[in-house]
Amino acid sequence: LEHHSYRSFQGLTCLMQISTRTQDFIVDTLELRNELHLLNEVFTNPLIVKVLHGADMDIGWLQRDLGLYIVNMFDTGQAARVLNLARNSLAHLLEVYCNVQADKQYQLADWRIRPLPEELLKYAREDTHYLLYIYDKMRNELIERGNEQNNLLHSVLDKSTRVCSHVYKK
């Protein structure tokens, strides 16, 4: 998600990035706000793993602004902590697992502007484009480093479930 909170008490979710194994989608949550409840069918389906990075704030924003909930999430930020990586940032994971140098200069951009400039769209797309590949690599690493009960993988899944179980309160 891209969120705008400058000079705002609560802020506003302005953009959602969704990547599958074959496609990247940029969703204008300002324009489609009243339609996004339809995503709950997939987002709450326990048979589909949703991969997010550092989802602590995203979970609250999804609930508050869009009425969306997540079930069965793998948080790559939680995985980075369990794997004791040098840093837990998405930029670090992109570098380690994908050899990609993330340009984070637009992280605090004004995501409310429309139409979004091409450089913001490129930045937004890159945020999720590699995430499923990173998930595969991290999941395998957790299994390899863990014991027969997949204790490290279960630890990440438990931590991710705790993040998902938070309910937004104003």
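Right above here is the structure, for reference.
Heads up: these notes are all about the structure in this document. (Residues numbered from 1 in each chain as written. Predicted model: local features only at pLDDT ≥ 70, side-chain atom pairs only at ≥ 80, totals over all residues. Heavy atoms only, no water.)

1. What about helix α7 (residues 151-164)?
Turn by turn, an α-helix covers 3.6 residues, leaving residues three or four places apart pointing in a common direction.
Thinking step 1. Spanning 14 residues, α7 covers 20 Å between terminal C-alpha atoms, matching the ideal 20 Å at 1.5 Å per step.
Thinking step 2. The secondary structure elements touched by the buried residues of α7 are α2 (56-66), β5 (73-75), α3 (76-82) and α6 (131-145). (Helix = DSSP H or I, 4+ residues; strand = E, 2+ residues; numbered from the N terminus. Expected span 1.5 Å × (residues − 1). Contact = heavy atoms within 4.5 Å.)

2. Some details on the pairing of strand β3 (residues 24-28)
Thinking step 1. With 5 bridges connecting them, strand β2 (residues 12-19) and β3 associate as antiparallel partners. Opposite Gln 17, over in β3, you have Ile 26 as the bridge partner.
Thinking step 2. Between β2 and β3, which pair antiparallel one after the other, the connecting turn spans 4 residues. (Pairing = 2+ DSSP bridges.)

3. A word on the nonpolar core
Thinking step 1. Judged by nonpolar contacts, the single largest core of 21 residues is most densely connected at Phe 74, Leu 85, Leu 93, Tyr 97, Ile 134, Met 138 and Leu 142.
Thinking step 2. Sorting the residues of this core by element identifies α3, α4 (90-98), α6 and α7 as the ones contributing at least two each.
Thinking step 3. Residues within four places of Ile 134 in sequence aside, it is in contact with Thr 76, Leu 90, Leu 93, Leu 94, Tyr 97 and Cys 98.
Thinking step 4. Counting residues in each nonpolar core, the second largest holds 14 residues, with Ala 55, Leu 62, Leu 66 and Cys 164 among its members. (Core = buried A, V, L, I, M, F, W, Y, C linked by side-chain atoms within 4.5 Å. Buried < 20%, exposed > 50% of the residue type's maximum accessible area, 1.4 Å probe, protein only.)

4. Here's the deal with the packing of α6 against α7
Thinking step 1. Where α6 meets α7, the axes come as close as 6 Å, and the angle between the chain directions of the two elements is 130°. As the angle between them shows, α6 and α7 are arranged oblique. Each of Arg 139, Leu 142, Ile 143 and Arg 145 in α6 lies in contact with α7, whose residues at this interface are Leu 152, Leu 153 and Val 156.
Thinking step 2. When the residues that make up the contact of α6 with α7 are grouped by side-chain class, the tally is 5 nonpolar, no polar and 2 charged. (Axes fitted to C-alpha atoms, helices over the stretch in contact; angles between N-to-C directions. Parallel < 35°, antiparallel > 145°, perpendicular 65-115°, else oblique. Nonpolar A, V, L, I, M, F, W, Y, C, P; charged D, E, K, R; others polar.)

In short, the description is geometric, and any link to function would need to be established separately.
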